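Observations on the model geometry
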Amino acid sequence: MIFPNPVRPGAGHPPPYLAGRTTEIKEFERLLGQPVILTNLVLTGLRGVGKTVLLEGALKSLARQHGWLWTGNELSEAINISEEKLAQRLITDLSVLTSQFEVDRQVIEGIGFQPQREERSVTFDHALMESLYRTTPGLVSDKIKAVLEATWQVVRQSGVQGIVLAYDEAQNLADRSDRDQYPLSLLLDVFQSIQKKGIPIMLVLTGLPTLFPKLVEARTFAERMFKVITLDKLDQHDRRDAIVRPISDSQCPVSFTPPAVDEIANRSGGYPYFIQFICYEMFEAYLGHSDGVPRPDVTVAHIARKLDSDFFSGRWNKVTDRQRELLAIIASLEAADDEFTVQEISEASRKLEGKPFSPSHVNQMLGALAEQGLIFKNRHGKYSFAVPMLADFIRRQSNETIR
Ligand SMILES: Nc1ncnc2c1ncn2[C@@H]1O[C@H](COP(=O)(O)OP(=O)(O)O)[C@@H](O)[C@H]1O
Ligand SMILES: [Mg+2]
């Protein structure tokens with residue numbers, strides 16, 4: 001029997017076994033228990049840490065078990081274009097839930113020798129929701145509120161607890177004062193208002209660490225409106241589970257020795273995407289070795305180089321030489337994996353040979369690196385790498401150029 005590789009690394013692909021995340025799941029369960037929604041959820045963390053699979057796997061099914069309806073989508077950058085676009089997004093996603101719900105019956109009288117009366121049910125589908133939106137007077141926010149209220153009136157009869165509206169990649173939401181369009185503020189205003197009225201439609205927003213600062217910048221009340229759950233790397237125990245569980249099937253032709261598991265756990269830094277990447281390649285490498293088990297340290301080191309070229313190099317190749325110098329300085333800081341300041345970087349550059357970076361220069365370059373998605377500024381004005389284990393990669397690059 002062929003035992004297929006159980007691992008499918010890639011953005012949003014459900015893992016063969018979802019390791020850890022029990023506190024995060026409990027926290028969300030607590031939010032589902034709110035009689036009136038005061039707190040919504042922001043689920044945040046670096047790329048590849050497991051936001052999408054937690055949202056689409058565990059959180060969605062938990063909400064459904066608790067009697068909630070769930071709908072939503074992934075937000076593309078195009079959502080920023082207008083408030084109208086956001087409204088259309090909401091209508092499309094909500095109508096998926098409501099199009100089965102009957103709101104009226106229409107009687108159609110037949111004609112002919114034996115006239116027949118036919119009854120047809122009218123459901124709260126996209127067209128009806130759209131026309132409610134269009135005919136409600138007022139601003140876009142008034143129109144969306146009317147749609148949300150009507151949606152709840154329609155679905156509540158089925159005895160559901162509420163509706164979760166989940167948006168992934170929500171860091172793409174932004175107000176655009178240059179275009180006089182404020183979709184992000186609109187979303188926050190509308191939900192605050194309907195939740196005040198006791199309508200149980202909960203927002204779950206998932207995105208990169210820039211998401212929550214953006215929400216608070218748009219509306220300070222967002223601070224109180226959301227519980228922020230930040231996903232981090234998996235601890236040693238959960239890493240083991242993520243590595244070992246998928247191959248624990250007795251039919252599985254591949255097994256990893258304890259040193260191999262340790263090697264994967266350490267090289268991955270505990271980041272789920274890296275675990276999946278390495279495990280996938282390990283499985284393939286071991287399967288190809290019919291004559292005994294290859295040395296895990298050699299295999300994993302080889303796979304880690306493949307990870308460098310597949311995952312990191314594309315990003316690294318886009319930066320200029322001067323930016324690389326700056327990144328190398330940052331990677332040499334003690335707090336490189338945590339957070340760092342303009343001042344710290346500038347000071348470190350003065351201790352090195354070569355042209356130092358002034359604080360204003362650092363500031364400006366960090367801005368450009370943020371645009372490129374390598375760095376982000378957190379709420380307290382400090383910076384972090386936006387890609388997991390980027391500091392390690394940069395240190396490996398600088399070692400190689402020195403040698
Ligand atoms: N808790 C976990 N246990 C095992 N694998 C995970 C876990 N979380 C995420 N993964 C895997 O890591 C990869 C990245 O997950 P994803 O949800 O796309 O990350 P994000 O949305 O944060 O960028 C996927 O291959 C996924 O299957
Ligand atoms: Mg994702």
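Residues numbered from 1 in each chain as written. Chains lettered and ligands numbered in written order. Predicted model: local features only at pLDDT ≥ 70, side-chain atom pairs only at ≥ 80, totals over all residues.

**Considerations on the overall build of the protein chain**
Looking only at helices and strands, the protein chain has 16 helices and nine strands in total. Counting only C-alpha atoms, the protein chain reaches 95 × 60 × 40 Å along its principal axes. Counting only residues that meet the buried cut, the protein chain has 37% of its 403 residues in that class. Across the protein chain, every contact between residues at least 6 apart in sequence was considered, and the portion connecting residues at least 24 apart equals 70%. (Helix = DSSP H or I, 4+ residues; strand = E, 2+ residues; numbered from the N terminus. Buried ≥ 20, exposed ≤ 12 C-beta atoms within 10 Å, placed from the backbone. Contact = placed C-beta atoms within 7 Å.)

**With respect to helix 14 (residues 342-350)**
Of the positions making up helix 14, those classed as buried are Val 342, Ile 345 and Ser 349. The arc that holds the buried residues of helix 14, viewed along the axis, is 70°, so those residues lie on one side. In helix 14, the exposed positions angled more than 90 degrees off the buried face are occupied by Gln 343 and Arg 350. Close packing links the buried residues of helix 14 with helix 13 (321-332) and helix 15 (359-371). (Arc of directions from axis to C-beta.)

**Some points on the site of ligand 1**
Contacts to ligand 1 come from 23 residues, most closely from Pro 15, Gly 50, Lys 51, Thr 52 and Pro 272. Elements supplying a minimum of two residues to the shell around ligand 1: helix 2 (51-65) and helix 11 (272-287). Tallied by class, residues from the shell around ligand 1 come to 11 nonpolar, nine polar and three charged. Formed jointly, the shell around ligand 1 draws a minimum of three residues from each of two domains, domain 1 (22-112 + 119-230) and domain 2 (236-315). (Near = placed C-beta within 6 Å. Nonpolar A, V, L, I, M, F, W, Y, C, P; charged D, E, K, R; others polar. Domains from an automatic or database assignment.)

**Quick word on unusual backbone geometry**
The backbone of Arg 21 sits at a positive phi, close to 65°, despite the residue not being glycine. Counting through the fold element by element, Arg 21 comes out in the segment before helix 1 (22-32). For Met 389, which is not a glycine, the phi torsion comes out positive at approximately 60°. With respect to the helices and strands, Met 389 occurs in the loop between strand 9 (383-385) and helix 16 (390-402).

**What to know about the sheet that holds strand 2 (residues 68-74)**
If you trace the five strands from one edge of the open sheet to the other, you get 2-5-6-1-7, paired in parallel fashion. Both outer strands of the open sheet, strand 2 and strand 7 (226-230), are each paired with one neighbouring strand and no more. Direction aside, neighbouring strands of the sheet carry axes that sit 20° apart on average. Pairing analysis gives four bridges linking strand 1 (residues 40-44) to strand 6 (residues 201-207), with the strands arranged parallel. Along strand 6, the bridge assignment pairs Thr 44 with Gly 207. (Pairing = 2+ DSSP bridges. Axes fitted to C-alpha atoms, helices over the stretch in contact; angles between N-to-C directions.)

**Describing the domain arrangement of the protein chain**
A common measure of how large an interface is: the accessible area buried when the components associate. One can read the domain layout of the protein chain as domain 1 (22-112 + 119-230), domain 2 (236-315) and domain 3 (318-402). Domain 1 and domain 2 are separated by 39 Å when their C-alpha centres are compared.

**Some thoughts on the nonpolar core**
Of all hydrophobic cores here, the largest spans 105 residues; its most connected members are Ile 264 and Ile 278. If near-sequence neighbours (up to four positions away) are discounted, Ile 264 is found in contact with Ile 243, Ile 275, Ile 278, Cys 279, Met 282 and Val 300. (Core = buried A, V, L, I, M, F, W, Y, C linked by C-beta atoms within 7 Å.)

**Thoughts on the packing of helix 14 against helix 15**
Orientation of helix 14 relative to helix 15, taken along the N-to-C sense of each, is 120°, at an axis distance of 9 Å. Classified by the angle between their axes, helix 14 and helix 15 sit oblique to one another. For the crossing formed where helix 14 meets helix 15, the hand is right-handed. Across the interface between the two elements, Val 342, Gln 343, Ile 345 and Ser 346 from helix 14 touch Pro 359, Val 362, Asn 363 and Leu 366 from helix 15. Residues that form the contact of helix 14 with helix 15 fall into these classes: five nonpolar, three polar and no charged. (Parallel < 35°, antiparallel > 145°, perpendicular 65-115°, else oblique. Left-handed = near helix turned anticlockwise from the far one by under 90°.)

**Topic: the packing of helix 11 against helix 12 (residues 296-317)**
Look at helix 11 against helix 12: their axes get within 10 Å of each other, and the N-to-C directions meet at 125°. On the basis of the axis angle, helix 11 is oblique to helix 12. For the pair helix 11 and helix 12, the crossing hand works out as right-handed. For the pair formed by helix 11 and helix 12, the contact residues are Phe 274, Phe 277, Ile 278, Glu 281, Met 282 and Ala 285 on the first element and Thr 299, Val 300, Ile 303, Lys 306 and Leu 307 on the second. The residue makeup of the contact of helix 11 with helix 12, split by class, is eight nonpolar, one polar and two charged.

**Overview of the environment of Met 202**
With respect to the secondary-structure elements, Met 202 resides in strand 6. Its 23 C-beta neighbours within 10 Å are what place Met 202 among the buried residues. A sequence separation of 11 residues divides Met 202 from Phe 191, and the C-alpha atoms of the two residues are 8.1 Å apart. Apart from residues no more than four positions distant in its own chain, Met 202 is found in contact with Leu 31, Ile 37, Asn 40, Gly 162, Val 164 and Leu 165.

**Side note on helix 1**
Buried within helix 1 we find Phe 28, Leu 31 and Leu 32. Seen from one end, helix 1 has its buried residues packed into an arc of 100°, which puts them on one side. In helix 1, the exposed positions that point more than 90 degrees away from the buried face belong to Thr 22, Thr 23, Lys 26 and Arg 30. Of the surrounding elements, those touching the buried residues of helix 1 are strand 1, helix 2, strand 2, strand 6 and strand 7.

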